[in-house]
Amino acid sequence: MQQEQTFVMVKPDGVRRGLIGSIVARFEQKGFALAAIELLQIDRELAEQHYGELRQKPFFGELVDYLTSGPVCAMVWQGEHAVENARALIGKTNPVEAAPGTIRGDYAMDIAGNIVHGSDSAASAAREIGLFFGKHAAAQRMDPYAGEFGHGG
Ligand code: GDP
Ligand code: MG
């Protein structure tokens, strides 16, 4: 099976509200393997780099304020079609439109506080993993479903 990695981040409101465990649980239950995790306070420079493509948006300043308002939980999750599977689990950007059962659908009310980030493509994932984990490369994990007692392989 093709293994892919994606970058996921519990944003400061998710950390403040004690939702790291619930979010991690959803990724594990879905079938992802955790490849890296770190709780960190990011500075404005990293927040601006992370959301660089949104620099021209009117809400960019507010977005950087939000992302630097407290610690975030940065993670790398691995699995088949990890980028697309993570985006499906997270739900639509605006929690108003995010379906119940998705993370944003279940835990968030407002687009300015949508509690979690997931990379939108394999290229974004590689860029974001590099930004947050740098030379500390994420672990390469086995497909949790594969192996002697699993269905995969
Ligand atoms: P995502 O990939 O689903 O997170 O969505 P985008 O890449 O389009 O936007 C990145 C983040 O910017 C979103 O997750 C929100 O936190 C924030 N954002 C997007 N649109 C708005 C908006 O209209 N107002 C505010 N305050 N934040 C927004
Ligand atoms: Mg995005």
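Scoring rules and cut-offs
Residues numbered from 1 in each chain as written. Chains lettered and ligands numbered in written order. Predicted model: local features only at pLDDT ≥ 70, side-chain atom pairs only at ≥ 80, totals over all residues. UniProt positions renumbered as here; feature names shortened; annotations may be inferred. Near = placed C-beta within 6 Å. Nonpolar A, V, L, I, M, F, W, Y, C, P; charged D, E, K, R; others polar. Helix = DSSP H or I, 4+ residues; strand = E, 2+ residues; numbered from the N terminus. Contact = placed C-beta atoms within 7 Å. Expected span 1.5 Å × (residues − 1). Buried ≥ 20, exposed ≤ 12 C-beta atoms within 10 Å, placed from the backbone. Arc of directions from axis to C-beta. Pairing = 2+ DSSP bridges. Core = buried A, V, L, I, M, F, W, Y, C linked by C-beta atoms within 7 Å.

For the protein, the name recorded in an unreviewed UniProt entry is Nucleoside diphosphate kinase, with Paenibacillus lycopersici as its organism. The record held by UniProt for the protein lists under Subunit (unreviewed entry) the comment "Homotetramer."

What to know about the site of ligand 1
In the region of ligand 1, the neighbouring residues are Leu54, Phe59, Glu62, Leu63, Thr93, Ile111, Ala112, Asn114, His117 and Asp120. Grouping the amino acids of the shell around ligand 1 by side-chain chemistry returns 5 nonpolar, 3 polar and 2 charged.

Regarding the UniProt feature "binding site: ATP" (unreviewed entry) in the protein
The positions UniProt marks with the feature "binding site: ATP" (unreviewed entry) are Lys11, Phe59, Arg87, Thr93, Arg104 and Asn114. Summarising the element assignment, Arg87 is placed in helix H5 (residues 82–90). Not counting chain neighbours up to four residues away, the residues in contact with Arg87 comprise Gly118 and Asp120. Within the element layout of this structure, Arg104 appears in helix H6 (residues 103–107). In this structure Arg104 touches Ile90, Gly91, Lys92, Pro95, Ala98, Asn114, Ile115 and Val116, once residues within four positions along its chain are discounted.

A short note on helix H7 (residues 122–133)
Spanning 12 residues, H7 covers 16 Å between terminal C-alpha atoms, matching the ideal 16 Å at 1.5 Å per step. Those residues of H7 that sit buried are Ala125, Glu128, Ile129 and Phe132. End-on view of H7: buried residues confined to an arc of 105 degrees, all on one side of the axis. Turned more than 90 degrees away from the buried face of H7 sit Ala123 and Gly130, all of them exposed. Elements that come into contact with the buried residues of H7 comprise strand E1 (4–10), helix H3 (44–50), strand E3 (72–79) and H5. Gly134 occupies a position one or two residues after H7 and carries a positive phi of about 50 degrees.

Let's talk about the pairing of E3
Within E3, 8 of the 8 residues are buried, leaving the element largely enclosed by the surrounding structure. Neither face of E3 is exposed, since Val72, Ala74, Val76 and Gln78 on one face and Cys73, Met75, Trp77 and Gly79 on the opposite face are all buried. Examined bridge by bridge, E1 and E3 share 7 bridges and lie antiparallel to one another. Of the residues in E3, the one forming a bridge with Gln5 is Gln78.

A look at the nonpolar core
Core analysis: the biggest nonpolar cluster contains 32 residues, and Met9, Val10, Trp77 and Val116 have the highest contact counts within it. If you list the elements that add at least two residues to this core, you get E1, helix H2 (20–30), strand E2 (33–40), helix H4 (60–67), E3, H5, H6 and H7. With 6 residues, E3 is the single largest residue contributor to this core. When neighbours within four sequence positions are excluded, Val10 is seen to be in contact with Val15, Leu19, Ile20, Ile23, Val72, Cys73, Ile115 and Val116.

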